[in-house]
Amino acid sequence: MSTANPSLSGKVAIVTGAASGIGEQIARTLAEAGARVVIADMNLTGAQRVADDIGGRGGKGGQAMAVAMDVTDERAVDDGFGNIEAAFGPVDIVINNAGVQIVSPIDQFSLGDWKKILAIHLDGAFLVTRAALRQMYRKDADGQARGGTVIFMGSVHSHEASPLKSAYVTAKHGLLGLSRTLAKEGAAHGVRSHVVCPGFVRTALVEKQIPEQARSLGISEEEVVKNVMLRGTVDGEFTTTEDVAETVRFLAAFPSAALTGQVITVSHGWNMH
Ligand code: NAD
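What counts, and at which threshold
Residue indices follow the written sequence of each chain, beginning from 1 at its first position. In keeping with the predicted nature of the model, local features appear solely for residues at pLDDT of at least 70, side-chain atom pairs appear and are counted solely at 80 or more, and the whole-chain, interface and lining totals rest on all residues. Derived side-chain values reflect all non-hydrogen atoms in the structure, with water molecules and hydrogen atoms excluded from consideration. Nearness of a residue to a molecule or strand requires only that one of the residue's heavy atoms be within 4 Å of it. What qualifies as a polar contact is a pair of N or O atoms within 3.5 Å, subject to a donor-acceptor requirement within protein and to the restriction that residues adjacent in sequence count only when both atoms come from side chains. Surface exposure here means Shrake-Rupley accessible area, sampled with a 1.4 Å probe, where a residue is shielded only by the protein chains that are shown. Each helix corresponds to a stretch of at least 4 residues labelled H or I by DSSP, and each strand to a stretch of at least 2 residues labelled E; elements are numbered beginning at the N terminus. Amino acids are sorted into nonpolar (Ala, Val, Leu, Ile, Met, Phe, Trp, Tyr, Cys and Pro), charged (Asp, Glu, Lys and Arg) and polar (every other residue, Gly among them). Accessible area is worked out with a 1.4 Å probe on protein chains only. A residue is then buried under 20% of its type maximum, exposed over 50%, and partly exposed in between. Stacked, tilted and edge-to-face are the three classes applied to pairs of Phe, Tyr and Trp rings, where Trp contributes its six-membered ring and a pair requires centres within 6.5 Å; stacked means planes under 30 degrees apart, edge-to-face means over 60, and tilted covers the rest. Here, a charge over a ring is recorded when the distance from Lys NZ or Arg CZ to the ring centre is within 6 Å and its angle to the ring normal is within 35 degrees. Lines are fitted to the C-alpha atoms to define the axes, a helix being fitted only along its stretch in contact, and any angle between axes, read from their N-to-C directions, falls within 0 to 180 degrees. Roughly parallel covers angles under 35 degrees, roughly antiparallel covers those over 145, roughly perpendicular covers 65 to 115, and oblique covers all other angles. Should the near helix be turned anticlockwise from the far one by less than a right angle, the crossing is left-handed, and should it be turned clockwise, the crossing is right-handed. We call two residues contacting when some pair of their heavy atoms lies within 4.5 Å.

A look at the site of the ligand
- If you check the shell around the ligand, you find 29 residues, and the closest are Ile22, Asp41, Tyr168, Val201 and Thr203.
- At 2.8 Å from an oxygen atom of the ligand is found a main-chain nitrogen or oxygen belonging to isoleucine 22.
- Within the complex, the protein chains bury 92% of what would otherwise be the 830 Å² of accessible surface of the ligand.
- Put simply, the parts of the chain that give the shell around the ligand at least two residues each are helix H1 (21-32), helix H4 (111-136), helix H5 (166-186) and helix H6 (204-217).
- Per-element tally for the shell around the ligand: the top contributor is H6, with three residues.
- Among the residues forming the shell around the ligand, the class breakdown is 16 nonpolar, 10 polar and three charged.

Right under this line is the structure:
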């Protein structure tokens, strides 16, 4: 099967948490590949800014719409997918990217913060995926399911652990199970599933952690970057949002189930699984 043409023309893609950081870049990259892109985020102002920019000159004139969606809210997710279908048609590509980080030692981790992390990363990915599958599994006149690709934003922390990140590491490991189960269940319906696992990417989520980790570990911010975040990489470099978005674009455009249930790590060699 040829993979020479990566065009996503005619496809509808939803990216959660796309008002900033990695999700924003993924939305821009999928739009440049020809997809109509839904910017879904609980921050509607930010989502609208990204959608307007993609639709305007900043995004080279792609088609994009913003949707207010808290991925932990079942009703908001299901209603959001209804609105997306009415505007753009049923979805073909889902990027489960919305996420937050809270760092604390386990003995001081509050149950509320624990539940918040698991709710956004795991409940959110489940709810968004379930709503998408109801559109992807639908059969056309020939009895053929529409199919699609679902990608989960994992992390090097889907494979490794770091101190202070118990809930996040637990959630990111959990996504591997959801994705692999979907790869098996979805195959009969033409649905493929993957996890993309970035190393440290310098987004708002990471900027926030640098002073927090410096305080918790009793070291300087420079030491957090050099000795904690980038120590395990082969070259001491941050992964970029573009690196992650290009990987997502490749997986979203791949035309067969030769690639499904895969976990791809984009981390400057920090993790090689
Ligand atoms: P970011 O903080 O820049 O963006 C996260 C976005 O998610 C924000 O726009 C936020 O409004 C949105 N969001 C948060 N909770 C939400 C909810 N309940 N419903 C809908 N939207 C919500 O973060 P980022 O660094 O771009 O992270 C994106 C994803 O990449 C996350 O899943 C994160 O765990 C993962 N990741 C990040 C890194 C990194 O180093 N930055 C590394 C590996 C994995």
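Describing unusual backbone geometry
- Phi is positive for leucine 164, close to 80°, though the residue is something other than glycine.
- Relative to the assigned elements, leucine 164 resides in the loop between strand E5 (148-153) and H5.
- Since its relative accessible area comes to 13%, leucine 164 is described here as buried.
- Look at histidine 268: it is not a glycine, yet its phi comes out positive at around 55°.

Regarding the packing of aromatic side chains
- Taken as a whole, this structure holds three aromatic pairs when the rule is applied.
- A cation sits over an aromatic face here: arginine 36 above phenylalanine 88, 5.6 Å from the ring centre.

Comments concerning the environment of lysine 115
- Within the secondary structure layout, lysine 115 lies in helix H4.
- When the C-alpha atoms of lysine 115 and alanine 167 are compared, they prove to be 8.2 Å apart, with 52 residues separating the residues in sequence.

Concerning the packing of H4 against H5
- At a minimum axis separation of 8 Å, H4 and H5 run at an interaxial angle of 20°. As judged from the angle between their axes, H4 and H5 are roughly parallel. Here H4 and H5 pass one another in a crossing that is right-handed. Residues Trp114, Ile117, Leu118, His121, Leu122, Ala125, Phe126, Thr129 and Leu133 of H4 form the contact with H5, whose participating residues are Ser166, Ala167, Tyr168, Thr170, Ala171, Lys172, Gly174, Leu175, Leu178 and Leu182.
- Of the residues that constitute the contact of H4 with H5, the class distribution is 13 nonpolar, five polar and one charged.

So, the packing of H1 against helix H2 (residues 44-55)
- Relative to each other, H1 and H2 sit at 25°, their axes nearing to 11 Å. In terms of axis orientation, H1 runs roughly parallel to H2. Remark: the crossing between H1 and H2 carries right-handed chirality. Mapping the contact onto sequence places Glu24, Ala27, Arg28 and Ala31 in H1 and Arg49, Val50, Asp53 and Ile54 in H2.
- Taken together, the residues of the contact of H1 with H2 sort by class into four nonpolar, no polar and four charged.

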